[in-house]
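# Report on the structure
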Amino acid sequence: METEKETGMEYGEHRTYDFDTPVDRRGTWSIQWDGVADRFGMDGLLPFTISDMDFRSPPEVLAALQERIAHGVFGYTDWRLGDFRAAIRDWYATRYDTGIDTDRIVYGPSVLSQLSQLLQMWTDEGDGVVVHTPTYDGFTKAVTGLGREPRGCPVGDFAELERQLARPDSKVLLLCSPHNPTGRVWTHDELTRFAALAERYGVAVISDEIHADFVHEGHRHLPWTRYGSGRWALVTSGSKAFNFPALTGSYGIIGDPDDRAEFLTRMEKGEGLASPAVLSLTAHITAYRHGAGWLDAVRAYTAGNLSMLADRLRSAFPELGWVPPQAGYLAWIDLRPLGVDEAALQRQLIEVEKVAIMPGAVYRAEGFVRLNVGCARSKAEAGVDALVRAVRAVAP
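Conventions adopted
Residues numbered from 1 in each chain as written. Predicted model: local features only at pLDDT ≥ 70, side-chain atom pairs only at ≥ 80, totals over all residues. Heavy atoms only, no water. Helix = DSSP H or I, 4+ residues; strand = E, 2+ residues; numbered from the N terminus. Rg over C-alpha atoms; globule rule 2.2 N^0.38 Å. Buried < 20%, exposed > 50% of the residue type's maximum accessible area, 1.4 Å probe, protein only. Contact = heavy atoms within 4.5 Å. Areas by Shrake-Rupley, 256 points an atom, 1.4 Å probe, with all protein chains shown as cover. Phe/Tyr/Trp six-rings, centres within 6.5 Å; stacked < 30°, edge-to-face > 60°. Lys NZ or Arg CZ within 6 Å of the ring centre and 35° of its normal. Polar contact = N/O pair within 3.5 Å; in protein donor to acceptor, adjacent residues only side chain to side chain. Expected span 1.5 Å × (residues − 1). Pairing = 2+ DSSP bridges. Axes fitted to C-alpha atoms, helices over the stretch in contact; angles between N-to-C directions.

## So, the overall build of the protein
Helix and strand counts for the protein stand at 13 helices and 11 strands. The C-alpha radius of gyration computed for the protein amounts to 21 Å, which stays within 12% of the reference 21 Å derived for 396 residues, consistent with globular compactness. Projected onto its principal axes, the C-alpha positions of the protein cover 55 × 55 × 40 Å. A total of 396 residues make up the protein; the buried ones form 56% of that total. Long-range pairs, those at least 24 residues apart, make up 75% of the contacts in the protein between residues at least 6 apart in sequence. Put simply, the protein shows about 16600 Å² of open surface, and 49% of that area lies on carbon and sulfur atoms.

Structural data, given as structure tokens:
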């Protein structure tokens, strides 16, 4: 179970959880740590890549999982039984001041599996799916893998968004709310405009809100349930915020009852996914019932990492004018003002600095990097310092 202590930090407030002590993840089949060579071609790199954190899940979640494992029987389960839907309803009521009709909730093994089913329901091969650019690579893979066409619109460009949605074969607006990789939190006015455009052009909306619980102070996440009309779905999971993606499990909220029924039929009969992972249900229920304190602490800690990053970038490269994202623990850094060649930078990072940092090309944005600081402060500092040295080494 997580060791507790009081710590006074340079960045952030006093906390009651030990996020400073690194947890060794090597040898745990971790994509970020053990699979780094698959993407970067070299083992042993210090990784700042895939969007999971290096922290243990909340102690309350760990205790609940241990208790469930001690029971020893892991038969078929039904997510409709027990507290799963009620825990979601209560979380939205207390966290977002938003009412949720539990009859609208559906279950899926992952957010991307839900997205795949919804795209198959609402589009045909060759149809357009409108996404904001830069774009989370999981979206690109899901859309193109189904034979649909991703149609990019720069974040904040409403004229281009309308142009893309107005195309007769654009059938879905795929939101990332908050946005990955930029960390942008959509405002009420922006969401209202998205909804109006979707209604005007008869486009369905799928809102991926898996980063919602990591919105930083001064900003507010507004669930799509407040804006959806016509054909829409919100897809999400507690796994990102509470760091248990390997347990699998996600849920969705689908507006139309016929769409909801079709989705459940596809999942339970077409995909044979009637019984969810019981440890996922346990983790979700416990996190939403008892994990708010841990979540607030880890969000403050990672905000401190981002503040540290901002200070060091401001000192090294003031011309970047970099500011922390509004949500999440993924730093999206525009290096274009420095004239840095992306390929040269990646070689320097990998071969000299021995770190793995995601290049912007992964998200259809050359000249950027995405740095994961969901980790101990000492590791985050090592990554930032390595990035600064590498940029200095290759900058013209």
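## Some points on the packing of aromatic side chains
Scanning all chains against the criterion turns up 21 aromatic pairs. When the ring of Phe19 is compared with that of Tyr301, the centres are 5.4 Å apart and the planes differ by 50°; the resulting orientation is tilted. Residue Phe19 is found in the segment before helix H1 (36–40), and its partner Tyr301 is found in helix H11 (residues 292–316); the two are separated by 282 residues along the sequence. The class for Phe19 is buried, based on a relative accessible area of 1%. Look at Trp79 and Tyr107: their rings are 6.4 Å apart centre to centre, the planes differ by 20°, and that puts the pair in the stacked class. Taken as a pair, Trp79 in the loop between helix H2 (59–71) and helix H3 (84–96) and Tyr107 in strand S2 (residues 105–108) lie far apart in primary sequence, 28 residues in all. Through a chain of ring-to-ring contacts, three or more aromatic side chains come together here, namely Tyr17, Phe19, Phe55, Trp79, Phe84, Trp91, Tyr107, Phe242, Tyr251, Tyr288, Trp294 and Tyr301. Just above the ring of Phe48 sits the side chain of Lys379; from NZ or CZ to the centre is 4.8 Å.

## Comments concerning the environment of Asp78
Tracing the chain through its elements places Asp78 in the loop between H2 and H3. Note: C-alpha distance between Asp78 and Leu279 (201 residues apart in sequence) is 12 Å. At 2.8 Å, the side chain of Asp78 and the backbone nitrogen of Arg80 are in polar contact.

## Remarks on helix H10 (residues 278–290)
Because an α-helix packs 3.6 residues into every turn, residues spaced three or four apart end up facing the same way. Given a rise of 1.5 Å per residue, 13 residues ought to cover 18 Å, and the 18 Å separating the end C-alpha atoms of H10 matches this to within 8%. Most of H10 sits out of view: 10 of its 13 residues are buried. Taken residue by residue, H10 has Val278, Ser280, Leu281, Thr282, Ala283, His284, Ile285, Thr286, Ala287 and Tyr288 as its buried positions. Tucked inside the fold, the buried residues of H10 contact H2, H3, S2, helix H8 (239–242), strand S8 (250–254) and H11.

## Details of the sheet that holds strand S10 (residues 355–359)
With mixed pairing, 4 strands are arranged side by side in an open sheet as S1-S10-S11-S9. In this open sheet, the two strands that pair with only one neighbour each are strand S1 (46–48) and strand S9 (330–334). The average undirected angle you get between the axes of adjacent strands in this sheet is 35°. By the bridge criterion, 2 bridges tie S10 to strand S11 (residues 368–372) in an arrangement that is antiparallel. When the sheet's bridge partners are listed, Pro359 is paired in S11 with Val369. Helix H12 (residues 342–353) contacts S10 and S11 of the sheet and is inclined by roughly 160° relative to S10.

## Examining the pairing of S2
Neither face of S2 is open: one carries Ile105 and Tyr107, the other Val106 and Gly108, and all of them are buried. Here S2 runs beside S8; their pairing, made up of 4 bridges, is antiparallel. By the bridge assignment, Ile105 is partnered in S8 with Ile253.

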